[in-house]
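Okay, here's what each chain looks like letter by letter:
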Amino acid sequence: MADPKGFLTTPRQDWPRRPVGERVRDWNEIHVPGALLPIVGAQADRCMDCGIPFCHDACPLGNLIPDWNDLVARDDWWAAAERLHATNNFPEFTGRLCPAPCEAGCVLAINQPAVTIKNVECAIADRAWEEGFAGPAPPDRLSGRTVAVIGSGPTGLAAAQQLTRAGHTVAVYERDDRIGGLMRYGIPEFKMEKRHLERRIGQMRAEGTKFRTSTTVGRDVDAVGLRARYDAVVIATGATAWRDLAVPGRELSGVHQAMEYLPLANRVCEGDLEASPLSAAGRDVVIVGGGDTGSDCLGTAVREGAASVTQLDIYDRPGDERDEVTEPWPTYPKLYRLSASHEEAGALRTAPEAAEDSDARLFAASTLRLTGDADGRVRALHLVEVDAERRPRPGTERVLPAGLVLLALGFFGPDRGDGLVAGLGLELEPRGTIARDAGFATNVPGVFAAGDAARGQSLIVWAIAEGRAVAAAVDRHLTDGTTRLPAPIGPYDRPMRA
Ligand SMILES: Cc1cc2nc3c(=O)[nH]c(=O)nc-3n(C[C@H](O)[C@H](O)[C@H](O)COP(=O)(O)OP(=O)(O)OC[C@H]3O[C@@H](n4cnc5c(N)ncnc54)[C@H](O)[C@@H]3O)c2cc1C
Ligand code: SF4
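Parameters and conventions
- Residues numbered from 1 in each chain as written.
- Chains lettered and ligands numbered in written order.
- Predicted model: local features only at pLDDT ≥ 70, side-chain atom pairs only at ≥ 80, totals over all residues.
- Heavy atoms only, no water.
- Near = heavy atom within 4 Å.
- Polar contact = N/O pair within 3.5 Å; in protein donor to acceptor, adjacent residues only side chain to side chain.
- Areas by Shrake-Rupley, 256 points an atom, 1.4 Å probe, with all protein chains shown as cover.
- Helix = DSSP H or I, 4+ residues; strand = E, 2+ residues; numbered from the N terminus.
- Pairing = 2+ DSSP bridges.
- Axes fitted to C-alpha atoms, helices over the stretch in contact; angles between N-to-C directions.
- Contact = heavy atoms within 4.5 Å.
- Salt bridge = Lys/Arg side-chain N within 4 Å of Asp/Glu carboxyl O.
- Buried < 20%, exposed > 50% of the residue type's maximum accessible area, 1.4 Å probe, protein only.
- Nonpolar A, V, L, I, M, F, W, Y, C, P; charged D, E, K, R; others polar.
- Phe/Tyr/Trp six-rings, centres within 6.5 Å; stacked < 30°, edge-to-face > 60°.
- Lys NZ or Arg CZ within 6 Å of the ring centre and 35° of its normal.
- Core = buried A, V, L, I, M, F, W, Y, C linked by side-chain atoms within 4.5 Å.
- Arc of directions from axis to C-beta.
- Disulfide = S-S within 2.5 Å.
- Parallel < 35°, antiparallel > 145°, perpendicular 65-115°, else oblique.
- Left-handed = near helix turned anticlockwise from the far one by under 90°.

**Here's the deal with the site of ligand 1**
As a matter of local geometry, ligand 1 sits amid 34 residues, with Leu-97, Thr-155, Glu-174, Lys-191 and Ile-460 nearest to it. Separating an oxygen atom of ligand 1 from a side-chain N or O atom of Lys-191 is a distance of 2.8 Å. Measuring from an oxygen atom of ligand 1, one finds a backbone N or O atom of Leu-459 at 3.3 Å. Burial of ligand 1 by the protein amounts to 96% of the accessible area it has alone, namely 1,000 Å². Breaking the shell around ligand 1 down by element, the ones donating at least two residues are α10 (154-165), α14 (292-304) and α18 (460-479).

**Focus: the sheet that holds strand β4 (residues 232-235)**
Strands pair in a sheet through their backbones, by hydrogen bonds, and they do so in one of two ways: parallel or antiparallel. The sheet built from 5 strands is open, its strands ordered β3-β2-β1-β4-β15 with parallel pairing. In the strand order of this sheet, the two ends are held by β3 (210-212) and β15 (447-449), each with one partner. Along the sheet, successive strands turn relative to each other by an average axial angle of 20°, direction set aside. Of the strand pairs in this sheet, strand β1 (residues 146-150) and β4 are connected by 4 bridges, and their pairing is parallel. Bridging across to β4, Val-149 finds its partner in Val-234. Docked against the sheet, α10 engages β1, β2 (169-173) and β3, running at close to 165° with respect to β2.

**As for the pattern of salt bridges**
All chains considered together, the criterion is met by 36 salt bridges. Asp-126 is paired through a salt bridge with Arg-96; the nearest N and O atoms lie 2.7 Å apart. Of this pair, Asp-126 sits in helix α9 (residues 117-130) while Arg-96 sits in helix α7 (residues 91-97), placing them 30 residues apart in sequence. Judged by its relative accessible area of 15%, Asp-126 falls in the buried class. Here Arg-317 ties to Asp-320 by a salt bridge, and the two come within 3.5 Å at their closest N and O atoms. Because the salt bridges share partners, they merge into one network encompassing Asp-177, Arg-178, Arg-184, Glu-198, Arg-267, Glu-270 and Asp-272.

**Some thoughts on the environment of Arg-267**
Take Arg-267: it is sitting in helix α13 (residues 258-270). Spatially, the C-alpha atoms of Arg-267 and Arg-184 are 9.2 Å apart, while their sequence positions differ by 83 residues. Those residues within four positions of Arg-267 in sequence are excluded, and the remaining contacts are Asp-176, Asp-177, Arg-178, Tyr-185, Asp-272 and Leu-273.

**With respect to the site of ligand 2**
Inspection of the region around ligand 2 gives Cys-59, Asn-63, Ile-65, Thr-94, Cys-98, Ala-100, Pro-101, Cys-102, Ile-117, Lys-118, Glu-121 and Val-461 as its neighbouring residues. At the level of secondary structure, the elements contributing two or more residues to the shell around ligand 2 comprise α8 (101-104) and α9. With 3 residues, the single largest contributor to the shell around ligand 2 is α9. Class assignment for the residues of the shell around ligand 2 results in 8 nonpolar, 2 polar and 2 charged.

**Remarks on the packing of aromatic side chains**
Counting across every chain of the model gives 5 aromatic pairs. Between the NZ or CZ atom of Arg-303 and the centre of the ring of Phe-190, over which it lies, the distance is 3.8 Å. We note Arg-455 situated over the ring of Trp-462; from NZ or CZ to the ring centre the distance is 3.8 Å.

**Some remarks on the side chain of His-196**
When you line up the elements, His-196 lands in helix α11 (residues 195-207). Judged by its relative accessible area of 1%, His-196 is buried. Among the polar contacts made by the side chain of His-196, one reaches the side chain of Glu-29 at a distance of 3.0 Å. Ignoring sequence-local partners within four residues, the contact set of His-196 consists of Glu-29, Glu-92, Phe-93, Arg-96 and Asp-126.

**Let's talk about unusual backbone geometry**
Of the consecutive residues Trp-329 and Pro-330, the connecting peptide bond is found in the cis state with omega at 10°. Within the secondary structure, Pro-330 sits in the loop between β8 (308-312) and α15 (340-344). Positive phi, close to 70°, is recorded for Phe-440, a residue that is not glycine. Of note, Phe-440 is situated in the loop between α16 (420-424) and β15. Overall, the relative accessible area of 14% leaves Phe-440 in the buried class.

**Some details on the nonpolar core**
Most often, soluble globular proteins have nonpolar side chains that are buried together. Of all hydrophobic cores here, the largest spans 72 residues; its most connected members are Ile-124 and Val-474. A total of 9 residues in this core trace back to one element, the largest contributor, which is α18. The contact partners of Ile-124, leaving out residues within four places of it in the chain, are Trp-68, Val-72, Trp-77, Ala-80, Ala-81 and Leu-84. If you look at the next biggest cluster of nonpolar residues, it comprises 24 residues, including Ala-258, Leu-264, Val-285 and Ala-345.

**A look at the environment of Ile-117**
Structurally, Ile-117 is set in helix α9. Those residues in contact with Ile-117 that sit more than four places away from it in its chain are Cys-55, Ile-65, Trp-68, Cys-102 and Glu-103.

**With respect to helix α3 (residues 37-44)**
Turning to α3, its buried residues number three or more, namely Ile-39, Val-40, Gln-43 and Ala-44. Burial along α3 is one-sided: seen end-on, the buried residues are contained in an arc of 130°. In this structure, the buried residues of α3 make contact with α5 (65-73), α6 (77-85) and α9.

**With respect to the state of the cysteines**
Under the definition given, this model contains 0 disulfides. There is no disulfide at Cys-47, and the cysteine sulfur nearest it, in Cys-55, is 6.4 Å away. Looking at Cys-122, it has no disulfide partner, and the nearest cysteine sulfur is the one in Cys-98, 11 Å off.

**Description of the packing of α10 against α11**
It is the contact of α10 with α11, at a shortest axis distance of 10 Å, that shows an interaxial angle of 30°. Classified by the interaxial angle, the pair formed by α10 and α11 is roughly parallel. Where α10 crosses over α11, the two elements pack in a sense that is left-handed. Here Leu-157, Ala-160, Gln-161, Thr-164 and Arg-165 of α10 come into contact with α11, specifically with Leu-197, Gln-203, Met-204 and Glu-207. Each residue belonging to the contact of α10 with α11 can be placed in one class, and the counts come to 4 nonpolar, 3 polar and 2 charged.

Honestly, it's all geometry; don't read function into it.
Laid out in structure tokens, this is it:
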């Protein structure tokens, strides 16, 4: 470490967010542009070089965090970028979107605020792009083997990039009109501007990866025929089959799944639509589901000009401090967290019932029924408070005004309606995900599965990690062990500069 006393003398400082009143008027990222670089060197220098870096183990990618903290503190950005890209294909995605389990495992976090690892990662990635350290790395020669990757989310992209760089000829099939999976249609622009995605796709095209959009495998392209045409197939189709809400009134108009609502807002940002047909403008919005998807609906509804927004969470409000008995360091604790969207809820006239928490959330709240008007449009949501066993607390029924109800209750596995799973005869786990062995192989020879489709609903960081791991498995399958995959650890054997 450049300054052995950095962690004693420098307090934690996060990348500042733009003022709420400013950012809810646009769709740009929430952080102050240009405000990270001036502070990040001193923040990286808070890393203690503790010797046994639990952060490294807590990161699903095994990112070499202490190494690049030290390199940033010493102002060696080129080497930091090289070290970061050695384990993470898309650090500008995780640097913006990851919940940072690494920071929960930071040794400094035992008794002080953790190192701002995620911010350091983002700064390295952004600077690598600005200074040309992240150019394309095409293979020196081709293997003559071909791979079809189905799905272009972070799993499919990471798998495709690794396999292309190893010399295989890779085509990515995507049913949507644009590449990116949930990072394109799902995650709002204010969390990650799509230009970051475009830049990586450009890099991948330059390396030789082919993309086929608006092509649903199993419907537009026969799945068995595709398997026959390629030497291996990677299924990375995500877990987009959503959970529903089985209550009276679910059929009313104005009740939608989060993933019916969010992609339309994405399309407005892409310039495909002038306004979303499901816009929250002027409506009382109730979001059922306390997770991150619900929080994304909240930030979107605020920007669309909702009259009020309330988010219901069936669980009790988590505590502010780690429970040292049930969730000791270095585990990732369930804490009360205020996302940027929750911060923004105060910009609205929130429903009076949500006033107990200024962030628009109602905890321990279970939906009883929805009621509507004579036209069949939803008007109110009836709820009751529940205890930890989800038993209703007598006398706690309430009614919230609701002109738009958004369901954000999670996902249970890949879509089955497109003919891919049935067409290939893929076995499923009881919970609906694609069954695979420890080497990512499904029951169909030469067909591998990774990411949310096989693991269940998860995170970008896990998707990239699975994409890299399935690529290694496919490469072993194609090459009998003589791999030319980029080294998982340590510097590349060629400079990354374009
Ligand atoms: C609203 C929302 C917000 C989220 N926010 C975050 C966040 O901030 N941070 C985080 O870490 N995680 C977040 N997640 C989770 C994260 O997005 C997922 O874990 C991740 O995208 C999974 O990657 P994947 O590549 O496995 O699947 P996906 O990203 O779902 O991509 C799968 C792709 O496969 C395509 N596809 C499906 N079937 C076919 C077919 N038959 N033929 C061709 N293509 C097909 C789909 O169209 C899709 O593009 C969020 C999820 C949601 C829903
Ligand atoms: S990918 Fe996530 S867990 Fe890994 S270093 Fe980055 S922020 Fe931490």
